[in-house]
Amino acid sequence: RKEVEQDPGPFNVPEGATVAFNCTYSNSASQSFFWYRQDCRKEPKLLMSVYSSGNEDGRFTAQLNRASQYISLLIRDSKLSDSATYLCVVNMNSGNTPLVFGKGTRLSVIA
Amino acid sequence: DTGVSQNPRHKITKRGQNVTFRCDPISEHNRLYWYRQTLGQGPEFLTYFQNEAQLEKSRLLSDRFSAERPKGSFSTLEIQRTEQGDSAMYLCASSTWGGNYGYTFGSGTRLTVV
């Protein structure tokens with residue numbers, strides 16, 4: 001089993017749609033979780049951290065289910081500018097191990 | 001300090017040549033990471049430093065690869081005797097201890113081996 005697995009995509013959605021990405025991780029001892037956004041031929045940029053209680057930032061909502069080792073990202077009212085690859089990222093230990101990245105899920109928002 | 005800086009942005013080299021990349025992290029970050037990313041994949045960990053100490057190296061880091069961070073500030077990644085399979089984006093990132101708030105990445109160095 002891969003350490004971090006994501007829906008492969010691509011997701012092609014119309015503007016205004018709600019889209020959800022899922023991610024599973026293999027190590028139950030994992031401590032920190034993030035979603036990064038990566039535009040084509042650019043570096044990954046931190047979108048949001050994922051907390052146990054779930055967290056929201058504008059149109060973006062992240063959820064963590066430790067029992068199922070599952071992370072999700074929900075984007076509401078999709079904009080054309082949301083088109084990018086979304087990377088699920090996990091810190092497998094207490095911070096002494098490097099972040100592990102999923103392969104990413106590509107989102108295309110269509111007018 | 002505006003972020004993580006990487007040089008060069010692009011590098012085209014002939015197979016068998018040596019290349020060196022440089023990364024300048026955010027000044028107050030004591031951890032520095034090197035990742036490699038190929039098309040359709042997420043970034044893959046290569047190695048990381050805490051200050052000047054290299055704490056971990058991935059199995060991806062063959063003996064042709066070497067990284068240094070001599071004064072705990074900037075870092076260099078050298079690839080000797082490049083192969084076509086080394087073609088990738090090489091990303092540098094930095095963080096405060098533990099990276100519990102995530103990493104900040106540089107713009108990367110895109111290497112093409114011809």
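Residues numbered from 1 in each chain as written. Chains lettered and ligands numbered in written order. Predicted model: local features only at pLDDT ≥ 70, side-chain atom pairs only at ≥ 80, totals over all residues. Heavy atoms only, no water.

Caption draft 1: Examining the interface of chain B and chain A more closely. Opposite the 24 residues of chain B that make contact, chain A presents 19 residues. When the buried area of chain B at its contact with chain A is split by residue, Asn100, Tyr103 and Phe105 of chain B rank highest and sum to 26% of it. The tally of links from chain B across to chain A stands at zero salt bridges. The tally of links between chain B and chain A comes to four residue pairs in polar contact (both at pLDDT 80 or more). The element that contributes the greatest number of residues to the side of chain B that touches chain A is strand E4 (residues 31-37) of chain B, accounting for four residues. For the side of chain B that touches chain A, the residue count by class is eleven nonpolar, ten polar and three charged. (Contact = heavy atoms within 4.5 Å. Buried area = accessible area lost by both parts, 1.4 Å probe. Salt bridge = Lys/Arg side-chain N within 4 Å of Asp/Glu carboxyl O. Polar contact = N/O pair within 3.5 Å; in protein donor to acceptor, adjacent residues only side chain to side chain. Helix = DSSP H or I, 4+ residues; strand = E, 2+ residues; numbered from the N terminus. Nonpolar A, V, L, I, M, F, W, Y, C, P; charged D, E, K, R; others polar.)

Caption draft 2: Summary view of the pattern of salt bridges. Residues and elements named next belong to chain B. The full count for this structure, using the stated rule, is seven salt bridges over all chains. Here Asp24 and Arg22 are joined by a salt bridge, their closest N and O atoms 2.8 Å apart. Looking at Arg22, the relative accessible area reads 34%, which means it is partly exposed. A salt bridge links Glu83 to Arg64; its shortest N-O distance comes to 3.4 Å. With Glu83 in the loop between strand E8 (75-79) and strand E9 (88-95) and Arg64 in the loop between strand E6 (53-57) and strand E7 (65-68), this residue pair connects regions lying 19 residues apart in the sequence. Linked by salt bridges that have partners in common, Arg64, Glu83 and Asp86 make up one network. (Buried < 20%, exposed > 50% of the residue type's maximum accessible area, 1.4 Å probe, protein only.)

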